[in-house]
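Spelled out from the first residue to the last, the chains are:
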Amino acid sequence: EIRRIAAQYGKDITLFSAIKLLEKDELIIEAVDLPKEASRLIDFVVHNSEAELNIEWEIYVADLRYKYITRLTEECIQRTRNPEDLTITDKIDLVVTNKYLAIPVFLGVMFLVFEITFGGIGSRLTNDMDYLVNSVAVEALRSFMVKYQVADWTVGLVADGIAAGVGMVLVFLPQILLLFTFLSILEDSGYMARAAFIMDKLLRGFGLSGKSFVPMLMGFGCTVPAVMAARTLENERDRRMTIILTPFMSCGARMPVYAVFAGAFFAAHKGAVVISLYMLGIAIALLSGIILKSTVLKGEAETFIMELPNYRFPSAKTIFLHVWEKAKEFVVKAFTILLLASVVIWFLQSFNLSFKMVKDNSESIFAVLGKLLVPVFKPCGFGEWRAAVALLTGFVAKEAVVSTLGILYGAGDISSAVAVTDVLTSHFTPLSAYSYLVFILLYMPCVVAFTTIHKEMNSWKWTFFAVGYQTAAAWIVSFLVYNIGGLVL
């Protein structure tokens, strides 16, 4: 039919070119150079055919190619086993890609990962690390400085500012290592490719292509490479949609914040609380997909075709290298960005607007800034200046929220993460704490992610739209969680 339409307009095209026009191949479209009327007629025929036959032509053509390959290999290859016999990969896929079981299995796997990471094993490792870093190292540093009569402001800067701020984040390194070990195992085994496959149909219903799942999955590690991975999407509309929604995936930088609040308010259900945040991020991304595809990003999602690899035992070397890179990235950030942030935080909470040192941080520069933000966040349940101002430092790096809370709430004699969680319970309720976590989950990513979004969007308008949308979504969802939760509980 496509060749006939082309012939009507004086273009004698080959079967290959007709198939490529069917697949919307940009190079062939440019080479054939059909008149606009012919292109519109072909699009109309293709759209009607897809609707009548309930197929997508790209998938149908791919299926025909694989059938041809199968027939050709059967003629040329002598097999030692019956091709109808199921392999181990086939048998596993009967369960993990099953129409009804696939998503429950995926949720079950992720729940197990988070339960181990944030449950008994992860918590024990974090507590041990907390003792070594804060109770031993930081206290030894403070005692050393006091013994040699170092100036009070220097003790405050080094021990209560730099060491305590960086230490508050470092204590969660074991949980970071645990999480990325499990994710690396799932990826190297071949399961994550199945996760992308089973999510394709769900994502298409929300205006996203299955191709978007790969960058969004990377978003659970770090937003920056996830946004950059959106380059693999050829369709500009899908690419922008993916970049806007990927920050809703909870990156590893948010983990220390989750760990502190989950340990303080939901000790018996830490794994369930954390996975609920991850699932909420996915749900908001999907809901946002519906909103955006009906408003500023109208259009159909691109077809997603991928080949599923065979299952294999994960390579210890690959897992080690992947986890090592994440650990190195985390530690480097702690001793660079977070170290600098801790110095700034200590200064802002130790001096007033006249640059005089204060004994009570409620009189500090930070307090002035925080009190301006209190009316904004009070409807969400965390209208306290320390909690509000910690969100500002989260723009530098999400881990800085923990450092800020540790310095502001932990100022004075408190120097351990465990002690800071005790202080938090006097300023938050379980409901307001969860609302706070929801806001941290959804609001604008860090400065590095912001610059990456701008680089990939190549537009200030779309960059500020993305950041504004994310922050507005964070406030609205946090407001709903706190107020609806207050009615129910």
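Each remark here, short or long, concerns the structure printed above.
Residues numbered from 1 in each chain as written. Predicted model: local features only at pLDDT ≥ 70, side-chain atom pairs only at ≥ 80, totals over all residues. Heavy atoms only, no water.

A. Seen up close, the overall build of the protein chain. Scanning the protein chain from N- to C-terminus turns up 25 helices and zero strands. On the principal axes, the C-alpha backbone points of the protein chain span a range of 90 × 55 × 45 Å. Put simply, the protein chain has 489 residues, and 50% of those count as buried. In the protein chain, the proportion of contacts linking residues at least 24 apart, taken out of those at least 6 apart, comes to 73%. Split by element, the accessible area of the protein chain, about 24,500 Å² in all, is 65% carbon and sulfur. Of note, the protein chain has its 42 positive side-chain charges centred 3 Å away from the centre of its 44 negative side-chain charges. (Helix = DSSP H or I, 4+ residues; strand = E, 2+ residues; numbered from the N terminus. Buried < 20%, exposed > 50% of the residue type's maximum accessible area, 1.4 Å probe, protein only. Contact = heavy atoms within 4.5 Å. Areas by Shrake-Rupley, 256 points an atom, 1.4 Å probe, with all protein chains shown as cover. Lys, Arg positive; Asp, Glu negative; His and termini not counted. Charge placed at Lys NZ, Arg CZ, Asp CG, Glu CD.)

B. Layout of the nonpolar core. If you look at the biggest cluster of nonpolar residues, it comprises 93 residues, and the most contacted ones within it are Ile-244, Leu-245, Phe-248, Phe-261, Phe-382, Phe-428 and Tyr-436. A per-element tally of this core places helix H16 (residues 270-293) first, with eleven residues. Those residues in contact with Leu-245 that sit more than four places away from it in its chain are Leu-208, Met-216, Ala-285, Ser-288, Gly-289 and Leu-292. Judged by nonpolar contacts, the second largest core, of 15 residues, contains Ile-13, Leu-22, Ile-42 and Trp-57. (Core = buried A, V, L, I, M, F, W, Y, C linked by side-chain atoms within 4.5 Å.)

C. Broad picture of the packing of aromatic side chains. The tally for this structure, following the rule as stated, stands at 23 aromatic pairs. Their ring planes at 90 degrees and their centres at 5.3 Å tell us that Phe-261 and Phe-428 sit as a pair that is edge-to-face. One end of the pair, Phe-261, is in helix H15 (residues 255-265); the other, Phe-428, is in the loop between helix H22 (417-424) and helix H23 (430-442), and 167 residues separate them in sequence. Using a relative accessible area of 5% as the deciding quantity, one classes Phe-428 as buried. Ring-pair connections join several aromatic residues into one group, and the members of that group are Phe-261, Phe-265, Phe-266, Phe-377, Phe-382, Phe-395, Phe-428, Tyr-434, Tyr-436, Phe-439 and Tyr-443. Seen from the ring of Tyr-311, Arg-194 lies directly overhead, with NZ or CZ sitting 4.1 Å from the centre. Above the face of the Tyr-443 ring, Lys-398 is positioned so that its terminal group lies 4.2 Å from the ring centre. (Phe/Tyr/Trp six-rings, centres within 6.5 Å; stacked < 30°, edge-to-face > 60°. Lys NZ or Arg CZ within 6 Å of the ring centre and 35° of its normal.)

D. Region of the structure containing the pattern of salt bridges. In this structure the tally under the stated criterion is eight salt bridges. Among the ionic pairs, Glu-236 bridges to Arg-240, the shortest N-O distance being 3.3 Å. Taken together, the residues Glu-236 and Arg-240, both in helix H14 (residues 236-245) and four residues apart, mark about one turn of the helix. Glu-236 gets classed as partly exposed once you look at its relative accessible area, which sits at 34%. For Arg-240, a relative accessible area of 21% translates into the label partly exposed. (Salt bridge = Lys/Arg side-chain N within 4 Å of Asp/Glu carboxyl O.)

E. Structural view of unusual backbone geometry. Unlike most non-glycine residues, Asp-33 shows phi in positive territory, near 55 degrees. One can find Asp-33 in the loop between helix H3 (26-32) and helix H4 (36-53). Of note, the phi angle at Asn-458 is positive, near 55 degrees, even though the residue is not glycine. Examined against the element boundaries, Asn-458 turns out to sit in the loop between helix H24 (447-457) and helix H25 (460-488). For Asn-458, a relative accessible area of 67% translates into the label exposed.

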